Amino acid sequence: MQVRLSRRKLLGLGLGLAGLPRGQAPLEPQAVFPLGVASGDPSPDGVVLWTRVAPEAFQPGEPIAVEACESADFLEPQGGLIETGFGPESDYTVRADLDGQLEPGRGYFYRFIYRGVASPIGRTRTLPPPGTMPERLRLGLVTCQEFGSGYYGALAHLAREDLDAILHLGDFIYEYSGDPRYRRERFAGRAFSLPSGSYLAVNLADYRALYRTYRSDPFLQQALAAHPWVFLWDDHEFANDTYWDPATDAPGAPDHPFKNQPERLRKLRLEANQAWSEYVPARVVYDPTASEPHRQISQYRKLAFGDLLELFVTDTRSYRSPHPCGEGGFGQRQFATCSAQTRPTQTMLGAEQYRWLRENLTRSSAKWRGLASAVMFSPLRSGDLTLNTDGWDGYAAERQALLQAWARAGVDNLVVLSGDLHSALAAQVSLTFQPGEPWLGAEFMAPSLTSPGPAETLRRLAFWPGNALLEQANPHLHFFDGDINGYAILEATPEAITYELYWVDKTQNHPGAPKRLARRLRYRPGKGLEALR
Ligand SMILES: [Fe+2]
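As the structure is a computational prediction, the values presented were derived from the model and not from experiment.

Criteria and thresholds
- Numbering of residues starts from 1 in every chain and runs along the sequence as written.
- For a predicted model such as this one, the threshold for reporting local features is a pLDDT of at least 70, and the threshold for listing and counting side-chain atom pairs is 80 or more; totals across whole chains, interfaces and linings nevertheless cover every residue.
- The side-chain quantities take in all heavy atoms of the structure and omit both hydrogens and water.
- Here a helix means four or more residues in a row that DSSP labels H or I, a strand means two or more in a row labelled E, and each is numbered from the N terminus.
- Radius of gyration here is computed from C-alpha atoms only, and the compact-globule reference equals 2.2 Å multiplied by the residue count raised to the power 0.38.
- Using a 1.4 Å probe on the protein chains alone, a residue whose accessible area is under 20% of its type maximum counts as buried, one over 50% counts as exposed, and one in between counts as partly exposed.
- Computed with a 1.4 Å probe, the accessible areas rest on the Shrake-Rupley method; for each residue, only the protein chains presented here act as cover.
- Positive: Lys, Arg. Negative: Asp, Glu. His and the chain ends are not part of the count.
- To locate a charge, take NZ of a lysine, CZ of an arginine, CG of an aspartate or CD of a glutamate.
- A donor here means any N, O or S atom no more than 2.8 Å from the metal (3.2 Å for Na, K and Ca); water is not included, so a site may seem to lack partners.
- Here, patches come from residues exposed beyond 30% relative accessible area and free of salt bridges, joined within 9 Å for like charges and within 5 Å for nonpolar side chains (Val, Leu, Ile, Met, Phe, Trp, Tyr).
- A pairing counts as a salt bridge when a side-chain nitrogen of Lys or Arg comes within 4 Å of a carboxyl oxygen of Asp or Glu.
- When DSSP finds two or more bridges between a pair of strands, those strands are recorded as paired.
- Lines fitted to C-alpha atoms define the axes here, with helix axes fitted over just the stretch in contact, and angles between the N-to-C directions of these axes take values from 0 to 180 degrees.
- Polar contact is the term for a pair of N or O atoms within 3.5 Å; when the atoms are in protein, one must be able to donate a hydrogen and the other to accept it, and sequence-neighboring residues count only if both atoms are side-chain atoms.
- Buried Ala, Val, Leu, Ile, Met, Phe, Trp, Tyr and Cys residues form a nonpolar core when they are joined through side-chain atoms within 4.5 Å.
- Boundaries between domains were set according to an automatic or database domain assignment.
- By definition, residues are in contact when any of their heavy atoms lie within 4.5 Å.

1. Observations regarding the overall build of the chain
So, point 1. Assigned secondary structure in the chain consists of 10 helices and 31 strands.
So, point 2. Scaling as 2.2 N^0.38, a compact globule of 533 residues should have a C-alpha radius of gyration of about 24 Å, and the chain matches this with 23 Å.
So, point 3. In terms of overall dimensions, the chain has a C-alpha envelope of 75 × 55 × 45 Å along the principal axes.
So, point 4. Burial analysis of the chain (533 residues in total) assigns 61% to the buried set.
So, point 5. For the chain, the exposed area adds up to about 20000 Å²; of that, 50% sits on carbon and sulfur atoms.
So, point 6. Taking the 55 positively charged and 61 negatively charged side chains of the chain as two groups, their mean positions are separated by 1 Å.

Below you can see the structure in the form of C-alpha cells.
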C-alpha cells in the first residue's frame, strides 16, 4: 500500500495521547513496530517511508501518522496522517510518500506514530538539488542475502558507514524456505518454514513470511533505518532464473514445481510482486487490481544525484526472453554455447524498457551515467563456453545494440553496477570487450552478502576453475573474485569513480564481524581502471 499524506496537523495523535485504553500500560515500540522502519527511492523533495504494525497491536480504524524532521527532537516535523486505511490487506505494512514535502540534499530523522507509540527513529536523505554538482557521493552496494547462508554483520557495518544511499541489486529474499527437512544449514538460528509447508514459496502468504523472516534480522533493520535504499529485483524475489515466456504469455520458472503450469505461475508472479510492493519501500507504479504481471507493476526508473550521477535502475527479469540455449542447467543455462545467444530477437529488457534505457542514457548529461542491472553485463567466458547465459551473455545482440548507441554518442562515463553471480569483479566496458578498444566505462559487481559464491559451490563439485583462470580467459576483467562475501562502496566525484570491496565474515552473527578491505579501484575516462592498493 502506498498512500499520499494529509498534511493535517498531528492533533490528537501526539505521543502517549491516543489509542490507549484508559488505565492500560503504554505499548512498547518493539511490540508495535517489530520490523522497524525503512526508507527508499529518495527524490530531491521526498522519500518513501515504510513500517509494519504488528497484527497483535493493530486496531481497525486507528490512524497512523508519519513525521520527518531535520533534527531528532521532531519539534518542526513534516509529514501527516496517512489517510488510507491499512491492515490485513497490506499485511499491516504501511508506505508513505513524502514527495514534495522535504528540502533537497538534506538529512532527515523520521518515525511513525500509532496508538500513541513512536516507532524507532530512522534516518534518511533527500537527493541533491537538480542542476548542482555534488563534490562527492557514496553509495553502498549489496546483493544476494540468503538468510540461511550466513549472518548479516556486513549490514551492521554498512549501517555505520557515511553513505548517501544503499543500492540493493536483487535477491533481497530467496524463495526457498530454510526448512531443515529440506536444507542443511550451517548457521544456527536461520532455519524457518513457510506457511504452505512447501520447500519454496507457492503463494502470497509464503512470500510475505519470507520478507518478515528476513526483515526480522536486527542488522538488516539497522541498515534499513540508517540510510535511504534503492531496490531492484532479481530472480529470487520470485523464482530461480525466471523470464517471460511469450509462448504461454506467462513467466517461465525452470526450477519451479509449477514450471509447466503457466496459469499458476502468472498468479504466483502477481503474488510475489504484491509482497515485494508491500515490503520494499520503492516509488514504482503498482496496480493492485491488475491481473497481468506487466500491467500490475512497472519497476524500472531513474534517480538523479544532482548532475553528478544519473542512475538507471533496470528490471532484467520481467520482460526477458527465455534462455537462448534451453532451460536445463549445465550446458544450457550455465557453461553453454549456442547460436541463439546472439539472436536479434533475444531481449533482456523488453522493447519499451530497452528504448527507455538506450535513449535516456544516451541523452544524459550527468557526469556519470549509471546502469543498475541485477545480472552481469560484461561477457564471462571460458574458451567457447559462456559461463552464465542467464546474464547479458544470453542476450548479446541487445547488449551490442546498446553499446553501439553509446559508442556512437561518445560515451566514456558509463558505470555499470551489477550482482547475481555471488562474485565481485571490475571490468572494462567497450564495444566488443576487446582489449585496446576505447572505454565506454566500467562495470563493478557487488559481492553477495551471504549467498554461497561459485568457489564455495563449485569447489564442492571439484569444478572451480579459480579466479586467475577466469581473469586470463576474460581480458576485459580487471579482477574476478568468486570467493568473497561482503559489500562494496562506490564513491563518485566529478573526477573519478572509486570502488571499494569489503570482505566480511558471514559466519559471525556480530555487529563487529571481522571485515577487511579486499580491493580499491579507480575509474577515470581516458585512464581506465587502476588498482589503488
Ligand atoms: Fe543471488
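That shown, we press on.
2. Examining the coordination of the iron ion
So, point 1. Around the iron ion, the protein contributes the donor atoms Cys144 (SG), Asp171 (OD), Tyr174 (OH) and His422 (NE2), at 2.0 to 2.4 Å from the metal centre.
So, point 2. Written as a sequence motif, the donor arrangement for the iron ion is C-x26-D-x2-Y-x247-H. With Cys144 in the loop between strand S11 (137-142) and helix H2 (153-160) and His422 in the loop between strand S24 (414-418) and strand S25 (424-429), this pair connects stretches of sequence that are 278 residues apart.

3. Focus: a nonpolar patch on the surface
So, point 1. A surface patch of nonpolar side chains, amounting to about 330 Å² of accessible area, comprises Phe330, Leu461 and Phe463.
So, point 2. Looking at the secondary structure, you find Phe463 in the loop between helix H9 (454-460) and helix H10 (467-473).
So, point 3. By relative accessible area, Phe463 is classed as partly exposed at 42%.

4. Points about the sheet that holds strand S27 (residues 477-481)
So, point 1. Strand order in this open sheet of seven strands is S18-S19-S21-S24-S26-S25-S27, and the pairing throughout is mixed. Across the chains shown, the open sheet's two edge strands, defined by having one partner strand only, are strand S18 (301-305) and S27. On average, adjacent strands in this sheet sit at an angle of 20° to one another, irrespective of strand direction.
So, point 2. In terms of strand pairing, S25 meets S27 through four bridges, oriented antiparallel. Paired with Ala427 across the strands is Leu477, a residue of S27.

5. Examining helix H4 (residues 218-226)
Residues three or four positions apart in an α-helix share a direction because the helix packs 3.6 residues into each turn.
So, point 1. The buried count for H4 comes to seven of nine residues, which makes it a mostly enclosed element.
So, point 2. Every buried residue belonging to H4 is among Phe219, Leu220, Gln221, Ala223, Leu224, Ala225 and Ala226, and all of these are buried.
So, point 3. In this structure Asp217 caps H4, since a side-chain oxygen of it lies 2.8 Å from the backbone nitrogen of Phe219.

6. Observations concerning the pattern of salt bridges
So, point 1. For the structure shown, the criterion picks out 29 salt bridges.
So, point 2. With a closest N to O distance of 2.9 Å, Asp217 and Arg190 form a salt bridge. Highlighted residues: Asp217 in the loop between helix H3 (204-215) and H4 and Arg190 in the loop between strand S12 (165-168) and H3, separated in sequence by 27 residues.
So, point 3. It is possible to trace a salt-bridge network through shared partners that takes in Arg136, Arg138, Glu161, Asp162, Glu491 and Lys515.

7. A closer look at the nonpolar core
So, point 1. Judged by nonpolar contacts, the single largest core of 53 residues is most densely connected at Leu155, Tyr207, Trp229 and Trp276.
So, point 2. Of all the elements, helix H5 (residues 262-279) adds the most residues to this core, at six residues.
So, point 3. Shared between two domains, this core holds at least three residues of each, these being domain 1 (2-125) and domain 2 (137-531).
So, point 4. Those residues in contact with Trp276 that lie beyond four places of it in its chain are Tyr211, Phe231, Trp233, Glu237, Ala282, Val284, Ile297 and Gln299.
So, point 5. In terms of nonpolar packing, the next biggest core, distinct from the first, is built from 37 residues, Leu303, Val313, Tyr499 and Leu529 among them.

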